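# Chains, contacts and geometry: an overview
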Amino acid sequence: MADVLKNRDEVGHILVQVQDDLRQLKKSLVSMSVQDNGGIVDIQALDEAISRTENGIRRHAEEYLKTINNQVLTLPCINEPEKKTASAKLFKWQPPYETIPSAHPQKSQISGASPGGKHKSAFTMRLLNNPFHPKNKELVHYNFGIQLPHLHKRTGVGTQRVVTGPTIGSLAVVHGSLPKDLYPKPPPTEDDTNAGLLPFAANLSLVQTPVQPKAVHSQKREDSGPAKMDVSEKACKWKMDVSREDGMALGWSTTEDLPSRTIRTPLPSAASISSDNRVLTHGLAQITSLNLENVPVPTAVSKYPFTIVDGQIDPSAADYCRFKKQYCLYWGAILEALEQLQRLLLDFALPLARVCGERLAAWVQSGELDWRGSRGQCAHVEKLLSVLENRDEVWELICQPGQRYKGSGGHQAAAVRIQTCWRRYSARAAYLLLLLPKWAAQSIAMCLLKHAKLSHLRKSLQASRLSHLENYRIRAEGLAANWKHITSTKRTIIHVPSLGFSQHQRLSLRGFDILQNTQMCRLCDIRDENVEVIYVSPVSLGEDLLQYYTNLMGLQAAVELGDASGPQTHCAKRFTILMPEALEYFSHRNMCLASLLKYSPRTLKCIKNLIQGKQAYMISRATHIDDLAVADELEVPLLGTEPAVAQLYGTKSGGRRIFSGAGVNMPPGKSDIYTLVQLHEGLAQLMTEHMEVQRWLFKIDSEIDGRGTAYCDVCHLKCRPWAQEEFNRHGPEQWTMSSAHEPVIIKFIEEVPNFLACYARPVNTSLYPTWASFLEHFFREGGIIEAYPPSDSVTCLTVDLLVEPGGDVRMLSCGDQLRGSSGLEVLGCTMPQTSICPDVLHSICNRVGQVCQQCSIMGHLSLDLVTFLEPSNLEKQVWAIDLDLGYSNQLAMTELMLMMTGGTLDCRSSKLEVPPPVKEVKPSVHQTRVKSKAQTSETSRFAVMGTRLTHTNLSLVYYRTFFLMCKAQGIGYDVKAREGTMFALHDSRDRRSLGMLTISEHLQGALLTFARNLSVIHQEISGPNMQGTSNFKDLIKNIEEVLGMTTQNQTKSQEEEEEEVTEEQSHSPPNQLQINENTCRLSHNST
C-alpha cells in the first residue's frame, strides 16, 4: 500500500511538473523577443524541456498504470456487445442478485473468478455506475445498505465513455447528469493527505472484483443515451449535507418546503470511500451559461475558497495552496481561468474578490468558461463573475460609470475610448458632409420632378378648363340662337341643384347636401307637356320620398279637372330622379353636386342615354367650374352664368356694381372693404353724410341668407348728440359741404374703433360668436357697409328673373318676405307681392336684367328689394339690396304652387289667377252675370310658402306617420277648390327640414292657415320636456305682426270703400267689379 501511495505521489508530482513546464514553454514562445545584443533567444531550452517531459512520462507510465490497476478494476473485455436502439430498454436479461458480489468481499475472492463471474461483475458495475438505471437503487441498497433518492432523467445530456482505461479516461469525462449543487468531492483521508495528491478524476469502483484488470477499448452503449426529464414536474433543488463525522447524506427538498429526508450511511471502509468518491464524481451537473441574476448561488459552504486582493493572488496563501493541491491534475485550465479573472479585477480596480474553488473547478471541467467563444465579452464577464462568492458586490462596482478607467491601463483605455468616440464622430461628420451634396441633389431632383409634374398637371387642367369654357360659350351661342324654338318644342331639362360655393363656405354649412336638395319642386316643370325632367339628387332618397313625389306629380290631371277622384296621369315617364354613385365615396366631404356628378361615370352615361336624340339643356343653381365639365361631358348647353362672371357679380359688392350701372336706388354704403382702416373711415364718413340712418349693416361678400351679416346702432355713439346738433345748426343743404361736417368726421373716426368693438353684433352667433371672429372672415372675403332703412315699417320682397339667352328678361315670381326675429333672415314669403306698385317693380327688374345681360350674366337670378316710407316726406322708397345669381328656393316653390292650382302668376299685375271650376249646367243670362261676378272673385288666390322650415323633432316621425297626423288635424289640400296645404320633402335620412305651401282666396286666410299648421305640427311632435330647436315660433310671430297690419289696413280700406260707394251712388250706378278690384288692390298695397 505504501508503494501504491508512493507511486501515486510521484505521478502526481510529475503531472504537476509537466504542467508547469508546458506553461513556461508557452510563455517563452509568446514572449520571444530580440535581445539587446541582437541575438535570438535560444530554442534549445524549449527542446530540453519537452524531451525531459516526454522521458518522465514514458518512464513512469507503466509503473503508474500497474499500480493503479492493482487497486482499481476496469471494464472487462466484451468481444460481442449487444447493440440496441436508443429507445430500447437496457437488458431484458437480469442477473440473479446472488451473483452480485458483496459490499465487503473477502480476500479469497480477489484471487480469481470464472469468465461468467467476470461478465456478471462487469454488468453489475455498469448498473452501479449508471444512476439512472431502474436497478441502480436496488443494487446500491442491496450491496451497500444505502437508500438513494429518485433521480429524474434529464434531456439533452449525452453519456461519454472512457477512451483508454478507467483511470485515464475518467480524467477527460465530466458527466452532466447530476445537478451542479451535488458536488462529489469528499474530504480526503489522512492516508491520502500524507501520501500526496489524490487524483480527482480517478474512476474508483464501489466494490472490489475478483476479475483481474485488463485495459480494453470500450464502445459506446446504446442504453447510455441522453436521459429524459419530466418537464411538468415542479422545480426542485438538490441539497447536499457534507459532514466529516457522519459521512455524506443526500436530501430532497421541493418549493413547497416539504420536510427534507436525510438518509445516513454507515461508516464506510477505505475501499468504499474510494468507490463513493468515484460514483459521485460521475454525477457532476452540467453548468449552463446564465445571467448574473439567474445564476443560483450554492447554499453549501465552499471547502476550497481563496481570496484575490487588488487583483493579485498570494501564491503562498494557505487556502490557495490547498486549492492548488486539490485540483493539480487540471491546474493548467484553472490557472488560465484565474489569469482571466485577475485581469478582469485589475481592469476594474476591484479591491477584494472571494473565489469559490469548487465552482471554479467544476465550471472549468464543464468547459463553460470558454472565453474564446463567439458569445461576446458580456457573456465572458458573466461567466467569470459566477465563480465569485461576493459577485453581487463585484458586479455593483463593475457597473459603476468610469470604474474601468480606475484600474490597470485605465488611462490608456480612456484615451482609446476618447479617440474612438472622436474618430467615430469625425467619420460620421465626414460621411454626412459627403452625403449632403447627394441628399441635396436628390432633393433638388425630387423637387424639380414634382414641380414638372405639377406644372404638367396644372397645364393640362388649365387646357381642360379652357376647353370646357370654349365649348360652353359655343353652346351658349347656339342656345341663344334657338331659344324660342327650343322652348316651343319638346325638350329635356337636366336639373342639377349644385351650390358651387368656396370650400370654406361649404364646410361651414351644416347639412350641405340637404341644403342643395331643397329644390325638388323643380320636378313640377313637367306641368308643361313638352318638358321632360331629369333631376340629379345630392342625397340618397328613400322609397317613401320617391313614392310621395310620384303621387304628387300624378295629381296634375286631377287638378285640371277639379276632381280628386280623377285618374292619375302617367307622369313617371316624364321625370327621372338620379343619384350619383360618388355619394357613397364622398358622403362627408361637403362637395357640390356638380363635382359629385363629374366623378360619377355611370350616372353620366345614364343621362346620355336618356337625352340621346333630344333637345336638352342643363340648369344649375350656383355655377361652378365642374358644371362646365359636366355640361361638356353631356354635350348640352348650360343655362347659367359663366363661373368667373358669377364669382365677380354674385357677391354683395358685385351686386352694388350692377345696381349702380342700372341706375337703381341703393342703400347708402361702401363696397369692396378689405382692411380695418377702410372699415373705420368708411363708416365714419357714411354716418356723417347720412345722419338720419340709425343702424348700419356689415355684410360679407360671399355669404348667403343673412349668415354673414352684422349690425350696430349709432345711438350708442357718445358724440352722436353733438353731431346731431351740428347737423341741425348747418341744415341739410350746407351739411353736404366738406367744411361743415369735417369736424364731425374726425370725431367719428376717433370713436368708431371702440364703438364697433363694444356694440357691433353678428346676426348668426352660432357661426360668428364674436365681433372679432366676424371681422376676421370679413377682411378675408371682403364685404360692404350698408344702411338699414330709417323706418319702423320695412317690407322686403324677392323677385325671380330669367335673363333668356335671346336677351329678353322675364319675371318668374315675386313675393313679400317673411323674416325671423332679427329681421335679417328670410324664412318664407307671401305671393304675389303687394308692397310695391307692379309698374315700378317691372321697371326696376327690366333695368337690372338689361345690365346683367351686358355683363354676360345669363339664366336665373334673384333680386332682393326693400320698401319703406321716407320719414321726412312720407314717400315710398324702394332700394335694391342684394342680387343672387342662380335658381332660388322661392322659384321652386312657385313651380309647385302653379302646378297644384293650374293657374298663372302675372308679375306685371301681381296677381295669381286660377281657372274657374267646370260648369255642369248652362245657366240663364241673369245667372250668368251673377256667376261671372262670383267667379271673378274666386279665381284670385294668395299663397304663403316656407322654403326651409326646420325642427329637430321632425326626425322622430316618419313621413307616413306625419301625413296621418296632418290628416287627423285637417291639414290637407282641396283639389276642387284649389286651396289648402302642400308639403315639399327634402330627404329621407335626417327629416329635419321641409317646405310648406298654403293657398287661400285671401291673404289673411293663407297666413292664418300657415300659422295654424305650424302650431299644430309643433304640438304634435313636441312634448313638455322635448321642445326641440326650430324656426316655427319666429315665423308664427312674424305672421301675427303681418296679420295685425292687415287687419288695420282692411279697416281703413272698408272705410274708404264706403266713402267711394256713397259718392258713386250720387252720380252713376256702381260698377261692382271695379270696386272689388280697387278694394283688393288697396288691401294688398297696404299690406
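Residues numbered from 1 in each chain as written. Predicted model: local features only at pLDDT ≥ 70, side-chain atom pairs only at ≥ 80, totals over all residues. Heavy atoms only, no water.

The next thing to look at is helix α9 (residues 318-326). Within α9, the full set of buried residues consists of Y320, F323 and Q326. Seen end-on, α9 carries its buried residues on one side only, within an arc spanning 130°. Summarising the contacts, the buried residues of α9 are in contact with β4 (305-309), β5 (312-313), α10 (331-347) and α11 (357-366). (Buried < 20%, exposed > 50% of the residue type's maximum accessible area, 1.4 Å probe, protein only. Helix = DSSP H or I, 4+ residues; strand = E, 2+ residues; numbered from the N terminus. Arc of directions from axis to C-beta. Contact = heavy atoms within 4.5 Å.)

Applying the stated criterion across every chain yields a total of 17 salt bridges. Its salt-bridge partner being D513, residue R989 comes within 3.2 Å of it at the nearest N-O pair. One end of the pair, R989, is in the loop between β25 (979-985) and β26 (993-1000); the other, D513, is in helix α17 (residues 512-516), and 476 residues separate them in sequence. By relative accessible area, R989 is classed as exposed at 55%. Of the charged contacts, one joins E786 and K699 as a salt bridge, the two residues approaching to 2.8 Å between their closest N and O atoms. Here E786, found in strand β15 (residues 783-787), pairs with K699, found in strand β12 (residues 695-700); they are 87 residues apart in sequence, far enough to count as distant. Residue E786 shares its accessibility class with K699, and that shared class is buried. (Salt bridge = Lys/Arg side-chain N within 4 Å of Asp/Glu carboxyl O.)

Moving on: the pairing of β4. Of the two faces of β4, only the one carrying F306 and I308 is buried; P305, T307 and V309 on the other face are not. Alignment of β4 against strand β6 (residues 352-356), held across 5 bridges, turns out to be antiparallel. Directly across from I308, in β6, lies its bridge partner A353. Summarising the sheet, β4 and β5 pair through 2 bridges and their orientation is antiparallel. Residue pairing for β5: I308 is matched across the bridge by I313. Linking two consecutive strands that pair antiparallel, namely β4 and β5, is a turn of 2 residues; a positive phi of about 55° is found at D310 within it. (Pairing = 2+ DSSP bridges.)

To continue, consider the packing of aromatic side chains. For any two aromatic rings, the description comes down to two numbers: the centre-to-centre distance and the angle of the planes. A complete count under the given rule lists 22 aromatic pairs for this structure. Between F962 and F963, the aromatic rings sit 5.6 Å apart at their centres with planes inclined by 70°, giving edge-to-face as the arrangement. On the basis of relative accessible area, F962 is assigned to the buried category, the value being 2%. Given a relative accessible area of 27%, F963 falls into the partly exposed group. Among the aromatic residues, those joined into a cluster by ring pairs are Y304, F306, Y320, F323, Y327, Y330 and W331. In this structure, R695 is placed above the aromatic ring of Y788, and the distance from its NZ or CZ to the ring centre is 5.8 Å. R991 extends its terminal NZ or CZ atom over the ring of Y958, reaching a point 4.7 Å from the ring centre. (Phe/Tyr/Trp six-rings, centres within 6.5 Å; stacked < 30°, edge-to-face > 60°. Lys NZ or Arg CZ within 6 Å of the ring centre and 35° of its normal.)

As a further point, take the pairing of strand β23 (residues 942-950). Along β23, 7 of the 9 residues are buried, which leaves the element largely enclosed by surrounding structure. In terms of strand pairing, β23 meets β26 through 7 bridges, oriented antiparallel. The residue of β26 that forms the bridge with A943 is I999.

This paragraph deals with the packing of helix α26 (residues 720-735) against helix α27 (residues 738-759). One can describe the packing of α26 onto α27 by two numbers: an axis separation of 9 Å at closest approach and a directional angle of 145°. Crossing handedness for the pair α26 and α27: left-handed. Facing α26, whose interface residues are W722, A723, E726, H730, Q734 and W735, α27 presents A740, H741, P743, V744, K747 and F748. When the residues that make up the contact of α26 with α27 are grouped by side-chain class, the tally is 7 nonpolar, 3 polar and 2 charged. (Axes fitted to C-alpha atoms, helices over the stretch in contact; angles between N-to-C directions. Left-handed = near helix turned anticlockwise from the far one by under 90°. Nonpolar A, V, L, I, M, F, W, Y, C, P; charged D, E, K, R; others polar.)

The subject of this paragraph is the packing of helix α14 (residues 410-481) against helix α22 (residues 625-634). Packing of α14 against α22 leaves a shortest axis separation of 9 Å and a crossing angle of 70°. Relative to α22, the element α14 is oriented roughly perpendicular. Both α14 and α22 take part in a crossing whose hand is left-handed. Contact with α14, carried on its side by R465, H468, L469, N471, Y472 and R475, involves I625, L628, A629, A631 and D632 of α22 and no other residues of that element. Its residues assigned to classes, the contact of α14 with α22 comprises 6 nonpolar, 2 polar and 3 charged. (Parallel < 35°, antiparallel > 145°, perpendicular 65-115°, else oblique.)

Taken in spatial order, the 5 strands make up an open sheet running β11-β15-β12-β13-β14, and their pairing is antiparallel. Because the sheet does not close on itself, it has two edges, and the strands there are β11 (669-673) and β14 (761-762). Inspection of the sheet shows β12 paired to strand β13 (residues 709-713) by 5 bridges, in the antiparallel sense. Bridge pairing links F698 to A710 in β13. Docked against the sheet, helix α28 (residues 771-781) engages β11, β12, β13, β14 and β15, running at close to 55° with respect to β12.

Let us now look at a negative patch on the surface. A contiguous patch of negative charge, built from D705, E825, D884 and D1034, is present on the exposed surface. Within the fold, D705 resides in the loop between β12 and β13. Classification of D705 as exposed rests on a relative accessible area of 59%. (Patch = residues over 30% accessible without salt bridge, like charges linked within 9 Å, V, L, I, M, F, W, Y side chains within 5 Å. Areas by Shrake-Rupley, 256 points an atom, 1.4 Å probe, with all protein chains shown as cover. Lys, Arg positive; Asp, Glu negative; His and termini not counted. Charge placed at Lys NZ, Arg CZ, Asp CG, Glu CD.)

Another point: the environment of L552. Within the fold, L552 resides in helix α18 (residues 543-553). For the pair L552 and A984, spaced 432 residues apart in the sequence, the C-alpha separation amounts to 9.9 Å.

Moving on, we come to the confidence of the model for the protein. The predicted model of the protein averages 76 in pLDDT, with 69% of residues at 70 or higher. Note that pLDDT drops below 50 for residues 33-41; the model gives that stretch 3 contacts with residues more than four away or on any other chain. The low-confidence segment residues 151-300 (pLDDT under 50) makes 279 contacts with residues lying over four places distant or belonging to another chain. (pLDDT = per-residue confidence, 0-100.)

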